[in-house]
Amino acid sequence: MERVGATYRPRQGQHYYDADRVHLDKVVYKPIPDGNVRLANLRSGDVQAGDQMAPVDVQSALTEPKLQLFNSPSLGYQGIGINIGNTKGLGRKPGRVDTPLGSDRKVREAFELSLDRDLLNKVVFQDMYDPACGPMSPESAVAPGVKPSTCPKRNVAKAKRLLKEAGVKRPVRMELKVDTTPESSRIGQVVQAMAEEAGFSVTLRPTEYATMIEDSDSGEYEAFLSGWSGRLDPDGNVANFLQTGGAMNAYGIGDPAIDKLIARGRTEPDPEVRASLYDEITRRAGAERGLIYLYRQENYVVTRKDIAGVRVYTDGLVRVKNAGYAR
């Protein structure tokens, strides 16, 4: 952000909507993937606002007298995507994936039961995120019935029992692709340690994010850290991901019952009926476990205290229309 004299007026001729009410000359975005570097830039004054700040950096920022925190719940989710039918790439008919994890629901259920959502939140995110087990946020336009309190709890004994029933060789070896950020590395390590106790041997494969998306879209993966920023209407959180041939259905999910429910949800005007439809979608997707939902982020934005008027909403986008320098 740059100060513009005493009047804070934008340059003329930029054709920005409502330009006479914008207090900044321009906004400069600087991609800084490392949260520690972002925080250092905030402390030094080289940047005035840090978006998508990780909980560990937020905790540190709270002790800084020159910094302030803005936050909001999110509409999205984060979890682990599993290849259960993506054999030919996005948009293609689901096929058979010849891995214990991809081919057997019992193995996937065992993997989910090996994970402790609350402990993951505590160890990696300092209890600053929320557990999740479905695509719809409590902030959604259609209130979901699946609450974080109803998420499956860790049950190592049952997980071992399911693996025995599935008749798979133990430990069940699987590869989990994670991106190269420190936070994703910590998530992977916690998942690795938890799953090992239930009979899984998880190999972590750090992968540059763009490459990981290409690999997951083409089906060149077994499991990967998967997430979505979210949409206010629940259709935006389910259709592209869970519908057969969906534009972002990298998991190869192909359930005609889910497809019909999604179609009904798009045309149903009654909010209560819609909520029941999306609860059923969540239940069916949960049983399939092509995507194991783990947690829901909180949107954290840290700014210098001489910045005013910043707004942070559930979609995660920072609004700076009314932002300016405090006098």
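Before any of the text, the structure's been laid out above.
**Description of unusual backbone geometry**
Phase 1 of the analysis: In this model, Arg 170 is joined to Pro 171 through a cis peptide bond whose omega is 5°.
Phase 2 of the analysis: The topology assignment puts Pro 171 in the loop between helix H6 (156-166) and strand E5 (172-178).
Phase 3 of the analysis: Its identity as a non-glycine residue notwithstanding, Gln 52 has a phi of 50°, on the positive side.
Phase 4 of the analysis: Even without a glycine there, the phi angle at Asp 127 is positive, about 60°.
Phase 5 of the analysis: Tracing the backbone shows Asp 127 in the loop between helix H5 (117-125) and strand E4 (130-131).
Phase 6 of the analysis: Using a relative accessible area of 49% as the deciding quantity, one classes Asp 127 as partly exposed.

**Some points on the pairing of strand E7 (residues 223-228)**
Each regular strand displays side chains that alternate between the two surfaces of the sheet.
Phase 1 of the analysis: Counted residue by residue, E7 has 5 buried out of 6 residues, so it is predominantly covered.
Phase 2 of the analysis: Across 6 bridges, the pairing between strand E3 (residues 77-82) and E7 is antiparallel. In the sheet register, Gly 79 faces E7, and the bridge partner there is Ser 226.
Phase 3 of the analysis: Of the pairings in the sheet, the one linking E5 to E7 comprises 2 bridges and is parallel in character. Of the residues in E7, the one forming a bridge with Lys 177 is Phe 224.

**Quick look at the nonpolar core**
Phase 1 of the analysis: Ile 80, Phe 111, Phe 200 and Leu 242 are the most contacted members of the largest nonpolar core, which totals 65 residues.
Phase 2 of the analysis: For this core, the element with the highest residue contribution is helix H7 (residues 182-198), accounting for 6 residues.

**Notes on the sheet that holds strand E1 (residues 49-50)**
Phase 1 of the analysis: One open sheet holds the 3 strands; their spatial order is E1-E9-E2, and the pairing between them is antiparallel. For this open sheet the edge positions go to E1 and strand E2 (67-73), each flanked by a neighbour on one side alone.
Phase 2 of the analysis: Examined bridge by bridge, E1 and strand E9 (residues 298-304) share 2 bridges and lie antiparallel to one another. For Ala 49, the partnering residue across the bridge sits in E9 and is Thr 303.
Phase 3 of the analysis: Set on the sheet, helix H1 (residues 35-44) makes contact with E1, E2 and E9; between it and E9 the angle comes to about 30°.

**Brief notes about helix H11 (residues 271-288)**
Phase 1 of the analysis: Between its first and last C-alpha, H11 extends 26 Å over 18 residues, near the 26 Å set by a 1.5 Å rise per residue.
Phase 2 of the analysis: Turning to H11, its buried residues are Arg 274, Ala 275, Leu 277, Tyr 278, Ile 281, Thr 282, Ala 285 and Glu 288. Within H11, the buried residues cover an arc of 160° as seen down the axis, which keeps them to one side.
Phase 3 of the analysis: Where H11 begins, the side chain of Asp 270 points an oxygen toward the backbone nitrogen of Glu 272, at a separation of 2.9 Å.
Phase 4 of the analysis: At the C-terminal side of H11, Arg 289 shows a positive phi close to 60°.

Rules used throughout
- Residues numbered from 1 in each chain as written.
- Predicted model: local features only at pLDDT ≥ 70, side-chain atom pairs only at ≥ 80, totals over all residues.
- Heavy atoms only, no water.
- Helix = DSSP H or I, 4+ residues; strand = E, 2+ residues; numbered from the N terminus.
- Buried < 20%, exposed > 50% of the residue type's maximum accessible area, 1.4 Å probe, protein only.
- Pairing = 2+ DSSP bridges.
- Core = buried A, V, L, I, M, F, W, Y, C linked by side-chain atoms within 4.5 Å.
- Contact = heavy atoms within 4.5 Å.
- Axes fitted to C-alpha atoms, helices over the stretch in contact; angles between N-to-C directions.
- Expected span 1.5 Å × (residues − 1).
- Arc of directions from axis to C-beta.
- Polar contact = N/O pair within 3.5 Å; in protein donor to acceptor, adjacent residues only side chain to side chain.

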